[in-house]
Amino acid sequence: MATLAFLMNFISDSYGIEVSPEFKVFISDYSSCKLTSDIYTFKFFIVDNELLSEDEKKDVLDLYSVAKMLKNTFQKYIRKRNIDKLIPNNNTDLYFNDIDDYPYYQTINIISDDILYRFRLSDMVNMWLKCLNNSENLFVKPIQFKNPYTNLPFKKYNLYNIFIGLTFSKYQVPYLIRQFIKNYCDITTFTLDAYPFLKDNAINDFFETAHTFDYMEQVNNMLHEFRRHIDYVYFPDDLSYRRQRRVVSYLKPILKNYLYGSYGCNPLKKIDAYSKSKEELKDFFKDNPFDTFMLNRRPALPPPPPPEVAINRRRSVFQEPINPSSIAF
C-alpha cells in the first residue's frame, strides 16, 4: 500500500491531475499505509468511499489502475533480475542425466527457498503422484510433495508452476494432480473429494507390496467372514512361514476380490467383488480338500523310542546295601 500510495501521489503531482480532497487525504501520508494491501485500498478507499461522487470515483479509479500497473511492472522487473542472477543448484535430473539433453518442454525450473532447481517434468509427476497415492496398509494417507534435495514441502506457488508447466508440455496431466489443483492444493479437501479413487489405489498398492504376514491376516479375515459357506475351515496360528507363503499363493487371486468387496467405495463394484470372492472360495475348498491342501508334506515318521532307564551304580554312603552282609559283630 505504501508503494501504491506513493505512485498515485507522484503521478497526480507530476501530471497535474486533480484528485478529490476526500481521497487525497488517504495518499498524502503514504508512510502510514504499511498495514493495508492494494486490494483493501481499492475496496475501502475507492469503491466503498461514500465521500466520493461517481465522477470522482472514476477519476480515482483511473489513477489507481495506472499506479497499480506501474507497481506490478516494477515488481516483475526486479523479480526477473533477481532470477537471472540465480545459479542453478543442479544440472542433472534425479537419475544423474544431463538436463540439457532433454527438450525444453520436458524440464522445469523451480525456485525454492531462494535457490534455483532444475527438474525433469516426468520425475516431478512421478513423485507428486506417489505422494498423493500414499497409503498405510489399506488406509488412505496423502502426504505433502517435498523437494527431493532439501526434504522440505514445496510452496503452493511451486505446485501451481509445476501444473502450468505440465499443461504447456506434451504430457497428459494425471487425474489426481488435476483434482489436487482443483481443490486449491489442500490435502484434506483433496482427500475428501478423491477418496473413492484413492481407496482403490490403496487396495492395489496393498495387494502388490504387502508382506506375507499381512496377506495371511487378511486371509484369516476372509475365512472368518465366509466361515459358514466353507464349513468353518481355518488355518492355525502356528503355521510355518513356508506354509503361509503357500497358502497366500493359492488364495491371493480370491483375496483381491475380497479386499475390493470389503474395503472398496464403489457400491456396484463392491457387491460384485464380494459375491465373486465368496463363490470362488467355496469352489476352491470344494476342489481342494482341506486335508490334502494342508497335509501335502513329507510322511510323518513315528516318534523315537524313549531312552532306556539308566541304572545309577553309585550308592550313597548312607544307603543300605542291596545284599547286606550277614556277619555279626
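Residues numbered from 1 in each chain as written. Predicted model: local features only at pLDDT ≥ 70, side-chain atom pairs only at ≥ 80, totals over all residues. Heavy atoms only, no water.

Draft legend 1. Looking closely at the overall build of the protein chain. Assigned secondary structure in the protein chain consists of 13 helices and 4 strands. Across the protein chain, contacts joining residues at least 24 apart in sequence account for 62% of those joining residues at least 6 apart. Counting every atom, the protein chain has about 22,800 Å² of accessible surface; 55% of that belongs to carbon and sulfur. (Helix = DSSP H or I, 4+ residues; strand = E, 2+ residues; numbered from the N terminus. Contact = heavy atoms within 4.5 Å. Areas by Shrake-Rupley, 256 points an atom, 1.4 Å probe, with all protein chains shown as cover.)

Draft legend 2. Structural detail: the nonpolar core. One finds Trp-128, Phe-145 and Ile-177 to be the most contacted residues of the largest nonpolar core, which totals 28 residues. Elements supplying a minimum of two residues to this core: strand S1 (107-112), strand S2 (115-120), helix H5 (121-132), helix H6 (156-167), helix H7 (175-182) and helix H9 (195-209). Element by element, the count of residues in this core is highest for H5, at 7 residues. With near-sequence residues (within four places) excluded, Trp-128 lies in contact with Phe-145, Leu-159, Ile-162, Phe-163, Ile-177, Phe-180 and Ile-181. In this structure, Phe-206, Met-222, Leu-239 and Val-248 belong to the second largest nonpolar core, which totals 26 residues. (Core = buried A, V, L, I, M, F, W, Y, C linked by side-chain atoms within 4.5 Å. Buried < 20%, exposed > 50% of the residue type's maximum accessible area, 1.4 Å probe, protein only.)

Draft legend 3. Structural view of a negative patch on the surface. Taken together, the side chains of Glu-54, Asp-55, Asp-59 and Asp-62 define an acidic patch exposed on the protein surface. Structurally, Asp-59 is set in helix H4 (residues 54-85). (Patch = residues over 30% accessible without salt bridge, like charges linked within 9 Å, V, L, I, M, F, W, Y side chains within 5 Å. Salt bridge = Lys/Arg side-chain N within 4 Å of Asp/Glu carboxyl O. Lys, Arg positive; Asp, Glu negative; His and termini not counted. Charge placed at Lys NZ, Arg CZ, Asp CG, Glu CD.)

Draft legend 4. Representation of the pairing of S1 in the model. Here S1 pairs with S2 via 6 bridges, running antiparallel. Counted as the bridge partner of Ile-111 is Leu-116 from S2. From the end of S1 to the start of S2, which pair antiparallel, there are 2 residues, and Asp-113 there has a positive phi angle of about 55°. (Pairing = 2+ DSSP bridges.)

Draft legend 5. Examining the packing of aromatic side chains more closely. Following the criterion strictly, the structure yields 16 aromatic pairs and no others. Taken together, a centroid distance of 6.3 Å and an interplanar angle of 85° make the contact between Phe-119 and Phe-154 edge-to-face. Highlighted residues: Phe-119 in strand S2 and Phe-154 in the loop between strand S4 (139-140) and H6, separated in sequence by 35 residues. With respect to class, Phe-119 is no different from Phe-154; both count as buried. (Phe/Tyr/Trp six-rings, centres within 6.5 Å; stacked < 30°, edge-to-face > 60°.)

Draft legend 6. Up close: helix H3 (residues 38-47). Taken as a whole, H3 has its buried residues at Asp-38, Thr-41, Phe-45 and Ile-46. The buried side chains of H3 occupy one side of the element, clustering within an arc of 80° when seen end-on. (Arc of directions from axis to C-beta.)

Draft legend 7. The packing of H5 against H7, seen in detail. Look at H5 against H7: their axes get within 10 Å of each other, and the N-to-C directions meet at 70°. Compared by their axis directions, H5 and H7 come out roughly perpendicular. On the side of H5, the interface is formed by Val-125, Trp-128, Leu-129 and Leu-132, while H7 contributes Leu-176, Ile-177, Phe-180 and Ile-181. (Axes fitted to C-alpha atoms, helices over the stretch in contact; angles between N-to-C directions. Parallel < 35°, antiparallel > 145°, perpendicular 65-115°, else oblique.)

Draft legend 8. The arrangement of unusual backbone geometry in detail. The backbone of Tyr-184 sits at a positive phi, close to 60°, despite the residue not being glycine. Mapped onto the elements, Tyr-184 comes out in the loop between H7 and helix H8 (187-193). Look at Tyr-184 and you get exposed, because its relative accessible area is 59%. Even without a glycine there, the phi angle at Cys-185 is positive, about 60°. Relative to the assigned elements, Cys-185 resides in the loop between H7 and H8.

Draft legend 9. Highlighting the packing of H9 against helix H10 (residues 212-225). The geometry of H9 relative to H10 is characterised by a closest axis approach of 9 Å and an angle of 120° between their N-to-C directions. Taken together, H9 and H10 sit at an angle that is classed as oblique. For the pair H9 and H10, contact is made by Phe-206, Phe-207, Glu-208 and Thr-209 and by Asp-214, Tyr-215 and Gln-218, respectively.

Draft legend 10. Fine view of the pattern of salt bridges. Following the criterion strictly, the structure yields 3 salt bridges and no others. One salt bridge connects Asp-84 with Lys-80, and the closest N-O pair in it is separated by 3.3 Å. Of the two residues, Asp-84 and Lys-80 both sit in helix H4, 4 residues apart, roughly one turn of that helix. Neither residue differs from the other here; Asp-84 and Lys-80 are each classed as exposed. Between Lys-141 and Glu-136 there is a salt bridge whose closest N-O contact spans 3.5 Å.

Draft legend 11. View of the environment of His-211. Residue position: His-211 is located in the loop between H9 and H10. C-alpha separation for the pair His-211 and Arg-245, spaced 34 residues apart in sequence, amounts to 9.8 Å.

Draft legend 12. Local environment of a nonpolar patch on the surface. Together, Phe-74, Tyr-77 and Ile-78 give the surface a local cluster of nonpolar side chains, amounting to about 350 Å² of exposed area. Structurally, the position occupied by Phe-74 is in helix H4.

Draft legend 13. Broad picture of H10. Counted at 1.5 Å a residue, the expected span for H10 with its 14 residues is 20 Å, and the 20 Å between its end C-alpha atoms agrees. Of all the positions in H10, only Thr-212, Tyr-215, Met-216, Gln-218, Val-219, Met-222 and Leu-223 are classed as buried. Across the axial projection of H10, the buried residues extend over an arc of 165°, all falling on one side. Looking at the buried side of H10, the elements it contacts are H9, helix H11 (241-263) and helix H12 (267-287). (Expected span 1.5 Å × (residues − 1).)

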